[in-house]
Amino acid sequence: MGQSVSSAKLTSRRDCNHSQRSYSKSAVLISPMKTEEAEVIDELSDFISDLPDECLACVFQSLTPADRKRCSLVCRRWLRIEGQSRHRLSLNAQSDLHPLIPSIFSRFDAVTKLALKCDRRSVGIGDEALASISERCRNLTRLKLRACRDLTDAGMLAFAKNCRGLKKLSCGSCTFGAKGMNAVLDNCPALEELSVKRLRGIIDGAAAEPIGPGLAAASLKTICLKELYNGQCFGPLIIGARNLRSLKLFRCSGDWDKLFPLIMDQVTSIIEIHMERIQVSDVGLEAISNSLNLEILHLVKTPVCTNAGLGAVAEKCKLLRKLHIDGWKANRIGDHGLIAVAKSCSNLQELVLIGVNPTKLSLEMLASNCQNLERLALCGSDTVGDAEICCIALKCIALKKLCIKSCPISDHGMEALASGCPNLVKVKVKKCRGVTPEGADWLRANRGSLSVNLDMGEYLDVTANDGVIQDNGDGIPPVVAGQIGAPGIASSSTARSTSFKLSGLLGGRSFMACTLRRLASSNGSSRS
């Protein structure tokens, strides 16, 4: 007879609000029953409002930066929670950022990882702005500075005093000098990773002020130096870093043969060493051989190093797992050095040879003695032909990924892979003129589970540099201007390099090759 209580409430509420609503003449009429059902569903389905802030923050942290931005525009509560739950922030560090610092970090008050990047043609933030940021981000654990050329030693000192919990510092194309770097090392005892690239304020020559060791030396685990005119002024820091595990040196001038004996005499925990285009010879390699825990060694374009130096490392560093050599066509490292590796380094899992000319003799011994070899790359070798590939197919039982580039192999070598390497899952062949699409198709047909990638185009060269240098991919997502209400402040996402990465050749799909294949197929379909 009468209406239910819920229906009566909905009807009265609808009647009360009816006068406040305006409908267009073309509005579609909705039946009262459907309206009541919609209101009941709407009333009962807002579970997010009952969700605690902590749970909603966890949801936001699982979203992409773009989705987080959209969520922050939903309501004031979501805006507040999104800002308070953001731990990573990337800002365009131009000079006009300074007056906006209070409002930015009032919203993003939980930031622990910060990237400040400035365009090289723009005026960047100065010491006062960096000090202001450090006062509001005292819990900062990671800082990345790019092209902040207006920062001086004084600004770095003010920052270091406020952010003593810093664990990772990466700076590139900045102009502060040794005093600013020493300020960080003296005031940040928890520093674990240090990456320095093109630090313009370091004086070249004998007058250069030494850097380190400082309080941070005891905690440092990774030191990466790139393109420094006087990288050896970091010698005291490296020698004092007793717990150092990874040392990477790229294009740093100076005679490193004199420094390596001192480093290896004091630092015994190193497991990874990368050297690219630095002045080092067999003397330095013999010193490195005293690092008995060494597992990863990259020798990139060090033409003075020979078989003797590599043999000294192989003889003592029996735990070696990854070995990358770019011989730069100098022919100073070949069969003799690789045979020494095969005899002593039975734990070898990854071997990359670029501009090196191994023969069947050394490859057969590597395949026989290194039973754990899973990843092999042979690039720019004049001696790796079908016979060598047949040897690999027959002997490399554990091999999973094989990359061959610019080697004189043919379809016969591809045929050998059809019945060899039982654990092989991926083969990439690039710029090998003897290998035809028909040969690759035959291999795919006869070994269906094998991924075969044939690239016959003239693309960018693959060098060991592509596999070694990954410029501090800290994954800090940028915040766009709409998120902080200030146009031009937040930086855009850093585009990934379009060059082929050697790590991509050994594991992962080639974006450029896939794109070209799609274009080719689409052109073919359009012609038909």
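What you are looking at is a predicted structure, and each value in this text was computed from that prediction instead of being measured. (Residues numbered from 1 in each chain as written. Predicted model: local features only at pLDDT ≥ 70, side-chain atom pairs only at ≥ 80, totals over all residues. Heavy atoms only, no water.)

(A) The arrangement of the overall build of the protein chain in detail. Counting secondary structure elements, the protein chain contains 22 helices and 15 strands. Classification of the 528 residues of the protein chain by burial places 50% in the buried group. Of the roughly 24900 Å² of accessible surface on the protein chain, a fraction of 54% belongs to carbon and sulfur atoms. (Helix = DSSP H or I, 4+ residues; strand = E, 2+ residues; numbered from the N terminus. Buried < 20%, exposed > 50% of the residue type's maximum accessible area, 1.4 Å probe, protein only. Areas by Shrake-Rupley, 256 points an atom, 1.4 Å probe, with all protein chains shown as cover.)

(B) Examining the nonpolar core more closely. Leu114, Leu116, Leu145, Met181, Phe234, Phe260 and Met275 are the most contacted members of the largest nonpolar core, which totals 125 residues. In this structure Met275 touches Leu249, Phe260, Val280, Leu285, Ile288, Leu297, His298, Leu299, Val300 and Thr302, once residues within four positions along its chain are discounted. Judged by nonpolar contacts, the second largest core, of six residues, contains Leu56, Phe60, Cys71 and Ile81. (Core = buried A, V, L, I, M, F, W, Y, C linked by side-chain atoms within 4.5 Å. Contact = heavy atoms within 4.5 Å.)

(C) Spatial organisation of the side chain of Ser381. Turning to its location among the elements, Ser381 is positioned in the loop between strand E12 (375-379) and helix H16 (386-395). A polar side-chain atom of Ser381 sits 3.1 Å from the main-chain carbonyl oxygen of Val356. Each residue touching Ser381, except ones within four places of it in the same chain, is listed here: Val356, Asn357, Pro358, Ser406, Cys407 and Pro408. (Polar contact = N/O pair within 3.5 Å; in protein donor to acceptor, adjacent residues only side chain to side chain.)

(D) Fine view of the side chain of Ser246. Positionally, Ser246 belongs in strand E7 (residues 246-250). With residues up to four places along the chain from it excluded, the contact list for Ser246 reads Lys221, Thr222, Ile223 and Glu272.

(E) Structural view of helix H4 (residues 65-72). Among all positions of H4, only Arg68, Cys71 and Ser72 are buried. The buried residues of H4 occupy one face: seen down the axis, they fall within an arc of 100°. (Arc of directions from axis to C-beta.)

(F) Expanded view of the pairing of strand E1 (residues 88-92). The buried count for E1 comes to four of five residues, which makes it a mostly enclosed element. Across five bridges, E1 lies against strand E2 (residues 113-117) in parallel orientation. Directly across from Leu91, in E2, lies its bridge partner Leu116. (Pairing = 2+ DSSP bridges.)

(G) The arrangement of the pattern of salt bridges in detail. Taken as a whole and assessed by the stated rule, the structure comprises 13 salt bridges. Ionic pairing is found between Asp67 and Arg70, a salt bridge with its closest N-O pair at 2.7 Å. Residue Asp67 and its partner Arg70 are both found in helix H4; the two are separated by three residues, about one turn of the helix. Overall, Asp67 belongs to the partly exposed group, its relative accessible area being 30%. Between Asp382 and Lys329 there is a salt bridge, with its nearest N and O atoms 3.6 Å apart. With Asp382 in the loop between E12 and H16 and Lys329 in the loop between strand E10 (322-326) and helix H14 (335-344), the pair connects residues that are 53 residues apart, well separated along the chain. Looking at Asp382, the relative accessible area reads 55%, which means it is exposed. Through salt bridges with shared partners, a single ionic network connects Arg198, Glu227, Arg251 and Glu276. (Salt bridge = Lys/Arg side-chain N within 4 Å of Asp/Glu carboxyl O.)

(H) Representation of the pairing of strand E5 (residues 193-197) in the model. A large share of E5 lies buried, amounting to four of its five residues. Pairing analysis gives five bridges linking strand E4 (residues 168-172) to E5, with the strands arranged parallel. Across the sheet, residue Lys168 finds its bridge partner in E5, namely Glu193. A crossover links E4 with its parallel partner E5, the connecting element being helix H9 (residues 178-187), and its sense is right-handed. By the bridge criterion, five bridges tie E5 to strand E6 (residues 222-226) in an arrangement that is parallel. Each bridged residue has a counterpart across the sheet, and for Glu193 the counterpart in E6 is Thr222. (Right-handed = clockwise from strand over helix to strand, strands pointing away.)

(I) View of the packing of H16 against helix H17 (residues 411-419). Contact geometry of H16 with H17 gives a least axis separation of 8 Å together with a crossing angle of 5°. Here H17 runs roughly parallel to H16, going by the angle between their axes. Two secondary-structure elements touch here, H16 through Asp386, Ile389, Cys390 and Ala393 and H17 through His412, Gly413, Ala416 and Leu417. A class-by-class count of the residues in the contact of H16 with H17 yields five nonpolar, two polar and one charged. (Axes fitted to C-alpha atoms, helices over the stretch in contact; angles between N-to-C directions. Parallel < 35°, antiparallel > 145°, perpendicular 65-115°, else oblique. Nonpolar A, V, L, I, M, F, W, Y, C, P; charged D, E, K, R; others polar.)

Read these as geometric descriptors, not functional statements.
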